[in-house]
Amino acid sequence: MRGKEILGRLLLAAVFAGIILVGAAIVFLGAGVGGGRGRGFGPLHLAARSGNVETVTGLLDAGAGLEELDDGPNGWTPLLHAIHKGQLGVVRLLLARGADPNRPARNGTSPVNLAASQGELAILRALVAAGARVDGPSATEALLNAAAGGHTRVVRFLLDSDPGLRATPGLRTWVARCRAYLSHDREMLALLHRGYKSQGARL
């Protein structure tokens, strides 16, 4: 490998790492999830986060609010809390009991976006099967976040679910391409190209 090419890769990796660190800091400082302390969370929110299906079932049977927003800064539903912690069993239970798969949080986070951003393909499939929308601005946001996070299977699923989705130009698309290039993820590069190609743009 030539010296210039090595230097270029190192610089690209350094820039990419810096962007990831900044993004992680923003998420950490702005998420307002309370570090697991449960500040502002009701019993159902906490049970959903813990993955305790029996407790969630008991609370729902007792009349707990299925769509109740927590009192934290983000205002998440129990479904969003379950998605955040990767609790597939609870997600399926909440959806079966009538949780809205499209209900956003107070801060605008949608279930599809959260699942895609975290690479939770099984949860994403459950949401779509329950009627979650995979089109429009929220789905585009989910696509970009999944791509920037390197979640190739999620990106493929979203594009297959709605061929009209676009990997629109911007910082996250650039980050996604850099990550895919550095990790030799040819499938991700092809998927991003597919998104661009569908709107007649050039990579």
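Residues numbered from 1 in each chain as written. Predicted model: local features only at pLDDT ≥ 70, side-chain atom pairs only at ≥ 80, totals over all residues. Heavy atoms only, no water.

Bringing the overall build of the chain into the picture now. Counting its secondary structure elements, the chain contains eleven helices and zero strands. For the chain, the sequential pattern of α-helices and β-strands runs α-α-α-α-α-α-α-α-α-α-α. Residues classed as buried in the chain amount to 38% of the 203 residues present. Taking as baseline every contact in the chain between residues at least 6 positions apart, the subset at least 24 positions apart corresponds to 71%. Only carbon and sulfur atoms are counted for the fraction: they give 57% of the accessible area of the chain, which is about 10,500 Å². (Helix = DSSP H or I, 4+ residues; strand = E, 2+ residues; numbered from the N terminus. Buried < 20%, exposed > 50% of the residue type's maximum accessible area, 1.4 Å probe, protein only. Contact = heavy atoms within 4.5 Å. Areas by Shrake-Rupley, 256 points an atom, 1.4 Å probe, with all protein chains shown as cover.)

Viewed as axis vectors pointing N to C, helix α3 (residues 53–61) and helix α5 (residues 88–96) meet at an angle of 20 degrees, and their least axial separation amounts to 10 Å. Judged by the inter-axis angle, α3 sits roughly parallel to α5. Of the two possible hands of crossing, α3 and α5 adopt the one that is right-handed. Across from V53, V56, T57 and L60 in α3, the residues of α5 making contact are G89, V90, L93 and L94. Residue classes in the contact of α3 with α5 are distributed as six nonpolar, two polar and no charged. (Axes fitted to C-alpha atoms, helices over the stretch in contact; angles between N-to-C directions. Parallel < 35°, antiparallel > 145°, perpendicular 65-115°, else oblique. Left-handed = near helix turned anticlockwise from the far one by under 90°. Nonpolar A, V, L, I, M, F, W, Y, C, P; charged D, E, K, R; others polar.)

Okay, the confidence of the model for the chain next. On average, residues of the chain score 81 in pLDDT, and 76% of them reach the 70 mark or higher. Contacts of residues 21–38 to residues separated by more than four positions or lying in other chains number twelve contacts, the stretch itself having pLDDT below 50. (pLDDT = per-residue confidence, 0-100.)

Let us look at the pattern of salt bridges. A full pass over the atoms with the stated rule returns four salt bridges. A salt bridge links D135 to R133; its shortest N-O distance comes to 3.0 Å. Under the relative-accessibility criterion, D135 is labelled partly exposed at 33%. For R133, a relative accessible area of 53% translates into the label exposed. A salt bridge links E187 to R156; its shortest N-O distance comes to 2.2 Å. Linking E187 in helix α11 (residues 186–197) with R156 in helix α9 (residues 152–161), this pair joins segments that are 31 residues apart in sequence. (Salt bridge = Lys/Arg side-chain N within 4 Å of Asp/Glu carboxyl O.)

Geometrically, a packed helix pair is captured by the angle between its two axes and the distance between the axes. Close contact between helix α2 (residues 43–50) and α3 brings their axes to 8 Å; oriented N to C, the two are set at 155 degrees. Classed by the angle they form, the pair α2 and α3 counts as roughly antiparallel. The hand of the α2/α3 crossing is left-handed. Residue-level inspection shows P43, L44, A47 and A48 of α2 in contact with α3, the latter providing T55, V56, L59 and L60. Per-class residue counts for the contact of α2 with α3 are seven nonpolar, one polar and no charged.

This next bit is on the side chain of D70. Relative to the helices and strands, D70 resides in the loop between α3 and α4 (78–84). An unpaired buried charge is present at D70: no salt bridge exists, and R106, the closest side chain of opposite charge, is 5.0 Å distant. A polar contact of 2.6 Å, which involves the side chain of D70, links it to the side chain of H81. Excluding its chain neighbours within four sequence positions, the residues that come into contact with D70 are G40, F41, H45, G75, W76, H81 and R106. (Lys, Arg positive; Asp, Glu negative; His and termini not counted. Polar contact = N/O pair within 3.5 Å; in protein donor to acceptor, adjacent residues only side chain to side chain.)

A word on α2. Inspection of α2 places L44, H45, A47, A48 and R49 among the buried residues, and these make up the whole buried set. Tucked into the core, α2 has its buried residues touching α3, α4 and α5.

As for its placement among the helices and strands, D160 is situated in helix α9. Expressed as a C-alpha distance, the spacing of D160 and V134, which sit 26 residues apart in the sequence, is 10.0 Å.

Before going further, it helps to spend a moment on helix α10 (residues 171–182). Taking 1.5 Å of rise per residue, the twelve residues of α10 would be expected to cover 16 Å, and the 16 Å separating its terminal C-alpha atoms lies within 8% of that figure. Within the span of α10, buried status applies to T173, V175, A176, C178 and A180. Immediately beyond the C-terminal end of α10, within one or two residues, lies H184, with a positive phi of roughly 60 degrees. (Expected span 1.5 Å × (residues − 1).)

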